[in-house]
Amino acid sequence: MIQLQNLSKTFATGNGQLVAVDNVNLTVEQGEIFGIIGYSGAGKSTLIRLLNGLEKPTSGSVTVNGQEISSSSGQALRSARQKVSMIFQHFNLLWSRTVEDNISFPLEIAGISKANRTERVKELIELVGLTGRETAYPSQLSGGQKQRVGIARALANNPEVLLCDEATSALDPETTDAILELLVDINKRLGLTIVLITHEMHVIRKICHRVAVMEAGKVVEMGSVLEIFQTPEQAITKRFVAQINGPDAVSQTIAHLIEQYPSGKLVKLVFVGDRTEQPILSRLIKQYQVEVNIVQGNIAQTQNGAYGTLFLQIDGNELAIDQAIHYLHEQDVQTEVISHD
Amino acid sequence: MIENLLPNVDWDKMWEATLETLYMTAMATGFTFVIGLALGIVLFLTSPHQVWANKMVYWLTGAFVNIFRSIPFIILIILLIPFTKFLLDTIRGANAALPALIIGAAPFYARMVLIALREIDKGVIEAARSMGAKTSTIVWKVFLPESYPALLSGLTVTAIALVGYTAMAGIIGAGGLGTLAYLDGFQRDQKDVTLVSTIIILIIVFIIQWVGDGLTAKADKR
């Protein structure tokens, strides 16, 4: 759906050249939710604006649904933008227009007749759950409602791609979840390709299928969300993954528990996908004469399945412990014995 | 009773002068709005980082605006006498005051338009562009409605300044309350004429302010 080839963008600043996007290559598939994560200044805002031609690349190309956006201009670019719509961190609604008139705006731009606009606006208001607020002004809405208007507005001209520029960063956690669910729902129902940028790993974890990690204008790591969570390679990726898994807290607990429970063995299990839903632990306890003490654990749901880590203390006689650990290995669960020294 | 207190006031003349002042103010405000808005939009669109960024046009328009905004109005009227004569074939009467009034006020309003447009949330303009809007669509459907309260309050200030300008235009015989206060009030030493003229001017100014504030408040949905 989207191909970026050797894409670079350099800005001239007061003290020299700033490379915002540095030779990025990536492909986003049709119907996929693709996340780009990075800290502020990593170049992700520039990257997403290259996708709809709000920024022109210094070199390289952007192709969306067969049309080269990076070399389009004038009417061709404006028509393309109706199929690659965008939602924003600060919503960017027209304060002078009501909810329905805001949603109608892109339809006016596309030259849709008044009667058809009214009908389409009604459908969209229903789709995003704003029925009853049609004639409210943006200033009378909560942040979550404003973003729903933004989403309805973005969907008005039946786009193929939705770009989300930090769409939930200005919202509280609960509203963030509601908006993310709406995006997943739209992705499934309309088959819309979504590209989102964020600095919150929570957003990636919750709705993305694949993720690219950006640092200093470069994509430093890319893969399915599960892969990235399971085996982050770059230091920056590990930091993002730690936002969800909190390794500091765990290692402290482990050190503490090693002191507290000198007997038995401490084991770290990593579950990926289907394994999280099988009763591996209860079978382990039933089949082997061991005591199992859960030290710490968490399961995170992602779009490609669940991902979890569990720390166990397994106590009992040496042979039973070894058999139990062997059983875990057999179950294809990534198992790591944390030594006692 | 009133005749005793204000012995020299000719009410028919006063009424005629009031209408002339209102006529000059209304016409000048109307033209100033259109010309100032156009100048302001050109200034905004040609300023650095905007869609029509153009140093030459921006500089020339800016220079024009600054020069005419800086010349004291009383001098501007005198400087424009040949121009007015060329345009209207006379330099007397309410219409003859209009070129000077408009050329004096439009650059002043253009600056206020520029400030109003700069206040528009850049994100909203970006959003309109991301939807595939043309520049003309952005001007009509984003710039004007989103800056409407500021444009309106700027116009209120300009209209009030114009009431003052019409009074100064009295020196070239424009008519209106200024001429009346100057010729009958000051030169013939009829203090009551000056007083009544002043009170009527104050009432006009207060009404403009009140209507302007009311419309601005009503338009602002932020």
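Residues numbered from 1 in each chain as written. Chains lettered and ligands numbered in written order. Predicted model: local features only at pLDDT ≥ 70, side-chain atom pairs only at ≥ 80, totals over all residues. Heavy atoms only, no water.

*Asks:* Talk me through the overall build of chain B; I want residue IDs and the actual numbers.
*Replies:* Within chain B one finds 10 helices and 0 strands. The secondary structure elements of chain B, listed N-terminal to C-terminal, are α-α-α-α-α-α-α-α-α-α. Taken over the C-alpha atoms alone, chain B extends approximately 70 × 40 × 25 Å along its principal axes. In chain B, which comprises 222 residues, the proportion classed as buried is 47%. Long-range pairs, those at least 24 residues apart, make up 73% of the contacts in chain B with a sequence separation of at least 6. For chain B, the accessible area works out to roughly 11,600 Å², and carbon and sulfur atoms hold 69% of it. (Helix = DSSP H or I, 4+ residues; strand = E, 2+ residues; numbered from the N terminus. Buried < 20%, exposed > 50% of the residue type's maximum accessible area, 1.4 Å probe, protein only. Contact = heavy atoms within 4.5 Å. Areas by Shrake-Rupley, 256 points an atom, 1.4 Å probe, with all protein chains shown as cover.)

*Asks:* Can you tell me about the nonpolar core, naming the residues and giving the values?
*Replies:* Counting residues in each nonpolar core, the largest one holds 60 residues, and the members touching the most others are Ile2, Leu4 and Leu47 of chain A together with Phe143 of chain B. Beyond its immediate sequence surroundings of up to four residues, Leu4 of chain A is in contact with Val24, Asn25, Leu26, Leu47, Leu51, Ser61 and Val62 of chain A. Listed in part, the 51 residues of the second largest apolar core include Val121, Ile151, Ile179 and Leu182 of chain A. (Core = buried A, V, L, I, M, F, W, Y, C linked by side-chain atoms within 4.5 Å.)

*Asks:* Quick one: what's the story with the packing of aromatic side chains, residue by residue and with numbers?
*Replies:* The way to describe two aromatic rings as a pair is by their centre distance and the angle between their planes. Residue and element names in this part refer to chain A. The tally for this structure, following the rule as stated, stands at 7 aromatic pairs over all chains. An angle of 25° between the planes, with centres 4.6 Å apart, marks the rings of Tyr39 and Phe240 as stacked. In this pair, Tyr39 sits in the loop between strand E3 (33-37) and helix H1 (44-51) while Phe240 sits in helix H9 (residues 235-245), placing the two residues 201 residues apart along the sequence. The exposure class of Tyr39 is partly exposed, given its relative accessible area of 31%. (Phe/Tyr/Trp six-rings, centres within 6.5 Å; stacked < 30°, edge-to-face > 60°.)

*Asks:* Describe the packing of helix H7 (residues 122-130) of chain B against helix H8 (residues 135-168) of chain B, listing the residues and the values that go with them.
*Replies:* Residues and elements named next belong to chain B. Their axes nearest at 11 Å, the elements H7 and H8 cross at an angle of 160°. In terms of axis orientation, H7 runs roughly antiparallel to H8. For the pair H7 and H8, the sense of crossing is right-handed. Contacts from Val124, Ile125, Ala128 and Arg129 of H7 reach H8 at Ile138, Val142, Phe143 and Glu146. Among the residues making up the contact of H7 with H8, the classes are represented as 6 nonpolar, no polar and 2 charged. (Axes fitted to C-alpha atoms, helices over the stretch in contact; angles between N-to-C directions. Parallel < 35°, antiparallel > 145°, perpendicular 65-115°, else oblique. Left-handed = near helix turned anticlockwise from the far one by under 90°. Nonpolar A, V, L, I, M, F, W, Y, C, P; charged D, E, K, R; others polar.)

*Asks:* I'd like to hear about the side chain of Thr32 of chain B, residue by residue, with values.
*Replies:* Residue and element names in this part refer to chain B. Tracing the backbone through its elements, the reader meets Thr32 in helix H2 (residues 11-46). Classification of Thr32 as buried rests on a relative accessible area of 0%. Excluding anything up to four places from it in sequence, Thr32 contacts Leu37, Ile102, Ala105, Ala106, Tyr109, Thr158 and Leu162.

*Asks:* Run through the confidence of the model for chain B, naming residues and quoting values.
*Replies:* Here chain B averages 92 in pLDDT, while 100% of its residues score no lower than 70. For this predicted complex, the interface confidence comes out at an ipTM of 0.86, alongside a pTM of 0.84. (pLDDT = per-residue confidence, 0-100.)

*Asks:* Residues and numbers for the confidence of the model for chain A, please.
*Replies:* Taken over all residues, the pLDDT of chain A has a mean of 88, while the share at 70 or more is 94%. When mean pLDDT is taken per element in chain A, helix H3 (residues 99-109) of chain A scores highest with 97 and helix H10 (residues 247-260) of chain A scores lowest with 65.

*Asks:* Can you explain the sheet that holds strand E8 (residues 193-198) of chain A? Please cite residues and give values.
*Replies:* All names here are of chain A. Spatially, the 6 strands line up as an open sheet ordered E6-E7-E8-E3-E9-E10, and their pairing is mixed. Edge positions in the sheet fall to strand E6 (84-88) and strand E10 (218-224), since each of these pairs with one other strand and no more. Looking at each pair of strands side by side, their axes are set apart by 15° on average, direction ignored. Where E3 and strand E9 (residues 210-215) come together, 4 bridges link them in parallel fashion. (Pairing = 2+ DSSP bridges.)

*Asks:* Before we move on, can you summarise the interface of chain B and chain A with the specific residues and values?
*Replies:* Each side of the interface is counted separately: chain B has 22 residues, and chain A has 22 residues. Here chain B packs against chain A, burying approximately 2,000 Å² in sum over the two surfaces, 61% of which is carbon and sulfur. Area buried by chain B at its contact with chain A is led by Ser130, Met131 and Lys221 of chain B, which between them contribute 32% of it. Measuring nitrogen to oxygen at the nearest pair gives 2.6 Å for the salt bridge that ties Lys141 of chain B to Glu108 of chain A. (Buried area = accessible area lost by both parts, 1.4 Å probe. Salt bridge = Lys/Arg side-chain N within 4 Å of Asp/Glu carboxyl O.)

*Asks:* Tell me about H2 of chain B, residues and numbers included.
*Replies:* For H2 of chain B, which comprises 36 residues, the first-to-last C-alpha distance of 51 Å matches the rise-based estimate of 52 Å (1.5 Å per residue) to within 8%. With a side-chain oxygen lying 3.1 Å from the backbone nitrogen of Asp12 of chain B, the N-terminal cap of H2 of chain B falls on Asp10 of chain B. (Expected span 1.5 Å × (residues − 1). Polar contact = N/O pair within 3.5 Å; in protein donor to acceptor, adjacent residues only side chain to side chain.)

*Asks:* An account of the pattern of salt bridges is needed here, citing residue identities and associated values.
*Replies:* Residue and element names in this part refer to chain B. The final tally for this structure, using the stated rule, is 17 salt bridges over all chains. Across the pair Lys13 and Asp184 runs a salt bridge, and its minimum N-O distance is 2.8 Å. Of this pair, Lys13 sits in helix H2 while Asp184 sits in helix H9 (residues 176-187); the two residues are 171 residues apart in sequence, bridging distant segments of the chain. On the basis of relative accessibility, which here comes to 35%, the residue Lys13 falls in the partly exposed class.

*Asks:* How would you summarise the state of the cysteines if you had to cite specific residues and measurements?
*Replies:* All names here are of chain A. For the coordinates displayed, the defined rule picks out 0 disulfides over all chains. Unpaired in terms of disulfides, Cys164 finds its nearest cysteine sulfur in Cys208, a separation of 9.0 Å. Take Cys164: its relative accessible area is 1%, and that puts it in the buried class. For Cys208, a relative accessible area of 0% translates into the label buried. (Disulfide = S-S within 2.5 Å.)

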